[in-house]
Amino acid sequence: MAIVQICGEQVSTIEQTYAATVTCGDPTYTPVAAGDNCNMVVYNVALNTGTSPMTLSFSFDTELKYLFLNQGMTFADYCMVNAQSGAVTLPDGLEICNCGLTPTYQVAYTCNPGSITTTSTMVQGPVALAFTVSNLCTPTVFCVSTVACP
């Protein structure tokens with residue numbers, strides 16, 4: 001009885017995270033305290049299939065709220081941290097699927113306003129991104145033992 005090898009692909013969905021601390025070194029006003037809000041946007045997400053393992057690169061902007069004094073009154077402003085970039089490395093062994101599936105991604109991002117810190121010259125805060133990448137494949141071999149049909 002012969003053993004036949006059939007080549008196939010195991011379709012995978014993976015999750016990767018990225019964390020960083022962003023710093024705004026040029027606030028418009030002199031910070032006296034952290035604010036209670038931050039916002040983010042993620043863009044230019046690109047899957048680099050020319051590296052091994054593959055990487056997912058991206059850009060992001062963050063705005064961090066801070067407080068400042070004006071004539072003895074406390075006001076709020078945002079400090080922008082633009083055009084930041086990052087990348088995550090995907091697990092080794094993944095590749096583009098030969099069966100016609102197109103890789104897709106989803107991203108969830110957060111900044112924690114409770115973790116914003118300030119000095120008299122900067123505003124700083126942590127950011128976190130969680131990527132879910134679908135339709136990547138791992139080559140797989142199936143072995144089938146052949147027998148004569150009755």
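Data block above holds the structure.
Thresholds applied
Per chain, residues are indexed from 1 in the order of the written sequence. Predicted model: local features are reported for residues with pLDDT of at least 70 only, side-chain atom pairs are reported and counted for 80 or more only, and whole-chain, interface and lining totals are derived from all residues. Where side-chain values are given, they derive from all heavy atoms of the structure, hydrogens and water being excluded. Put simply, two rings from Phe, Tyr or Trp (the six-membered ring, in Trp's case) pair if the centres are within 6.5 Å, and we call them stacked under 30 degrees between planes, edge-to-face over 60, tilted for the rest. Burial classification: accessible surface area is computed with a 1.4 Å probe over protein chains only, and a residue below 20% of its type maximum counts as buried, one above 50% as exposed, and the rest as partly exposed. Numbering of helices and strands runs from the N terminus; a helix is a DSSP stretch of H or I covering at least four residues, while a strand is a stretch of E covering at least two. Throughout, a residue-residue contact means that at least one pair of heavy atoms, one from each residue, lies within 4.5 Å. What is meant by a nonpolar core is a set of buried Ala, Val, Leu, Ile, Met, Phe, Trp, Tyr and Cys residues, joined one to another through side-chain atoms within 4.5 Å. Two strands are counted as paired when DSSP detects at least two bridges linking them. Note on definitions: angles span 0 to 180 degrees between N-to-C directions of axes, and those axes are lines fitted to C-alpha atoms, for helices only across the stretch in contact. Cysteine sulfur atoms are paired as a disulfide whenever they fall within 2.5 Å.

## Looking at the packing of aromatic side chains
(1) Moving on: For the structure on display, the rule yields seven aromatic pairs.
(2) Moving on: Ring geometry for tyrosine 66 versus phenylalanine 68: centroids 6.3 Å apart, planes at 45°, classification tilted. By the burial criterion, tyrosine 66 is buried, and phenylalanine 68 matches it.
(3) Moving on: One aromatic cluster in this structure is built from Tyr18, Phe58, Phe60 and Phe131.

## A word on the environment of valine 107
(1) Moving on: If you trace the backbone, valine 107 turns up in strand β6 (residues 104-111).
(2) Moving on: Every residue in contact with valine 107, bar those within four places of it in the chain, is listed here: Leu129, Ala130 and Phe131.

## A closer look at the nonpolar core
One recurring pattern in soluble globular proteins is that nonpolar side chains are buried together.
(1) Moving on: Among the nonpolar cores identified, the biggest contains 28 residues, and Phe58 and Phe60 are the most heavily contacted of them.
(2) Moving on: The set of elements that each furnish at least two residues to this core consists of β1 (3-24), β2 (31-48), β3 (55-70), β4 (73-89) and β8 (123-145).

## Overview of the sheet that holds β3
(1) Moving on: The strand order across the open sheet built from three strands is β2-β3-β4, with neighbouring strands paired in antiparallel fashion. Of all strands in the sheet, those with a lone pairing partner are β2 and β4, marking the two edges. When strand polarity is set aside, the average angle formed by the axes of neighbouring strands in this sheet is 15°.
(2) Moving on: Inspection of the sheet shows β2 paired to β3 by twelve bridges, in the antiparallel sense. The partner of alanine 34 across the bridge, within β3, is tyrosine 66.

## Some points on the state of the cysteines
Put plainly, a disulfide is one covalent bond tying together the sulfur atoms of two cysteines.
(1) Moving on: Scanning the model with the defined rule gives three disulfides in all.
(2) Moving on: Sulfur-sulfur distance for the disulfide between cysteine 24 and cysteine 79 comes to 1.6 Å. Negative torsions about the S-S bond denote left-handed disulfides, and the value of about -50° found for cysteine 24 with cysteine 79 makes this one left-handed. Residue cysteine 24 is located in strand β1, and its partner cysteine 79 is located in strand β4; the two are separated by 55 residues in the primary sequence. Cysteine 79 matches cysteine 24 in its accessibility class, with the two residues each being buried.
(3) Moving on: Between the sulfur of cysteine 97 and that of cysteine 137 lies a disulfide, 1.9 Å long from S to S. Residues cysteine 97 and cysteine 137 are joined by a disulfide whose S-S torsion is about 95°; by sign, that bridge is right-handed. With cysteine 97 in the loop between β5 (95-96) and β6 and cysteine 137 in strand β8, this pair connects stretches of sequence that are 40 residues apart.
(4) Moving on: Across the chain, the disulfide pattern expressed with sequentially numbered bonded cysteines is 1-3, 2-5, 4-6.
(5) Moving on: Free cysteine: cysteine 99, not disulfide-bonded; nearest cysteine sulfur from cysteine 137 at 4.8 Å.

## A closer look at the side chain of threonine 62
(1) Moving on: In this structure, threonine 62 sits in strand β3.
(2) Moving on: Not counting residues up to four positions away in its chain, the partners in contact with threonine 62 are Val22, Asn39, Met40, Cys79, Met80, Val81 and Val127.

## Brief notes about the environment of serine 120
(1) Moving on: Relative to the helices and strands, serine 120 resides in the loop between β7 (117-118) and β8.
(2) Moving on: It is 56 Å that separates the C-alpha atoms of serine 120 and glutamate 9, two residues lying 111 residues apart in sequence.
(3) Moving on: Look past the residues within four positions of serine 120 in its chain and what remains in contact with it is Thr30 and Pro31.

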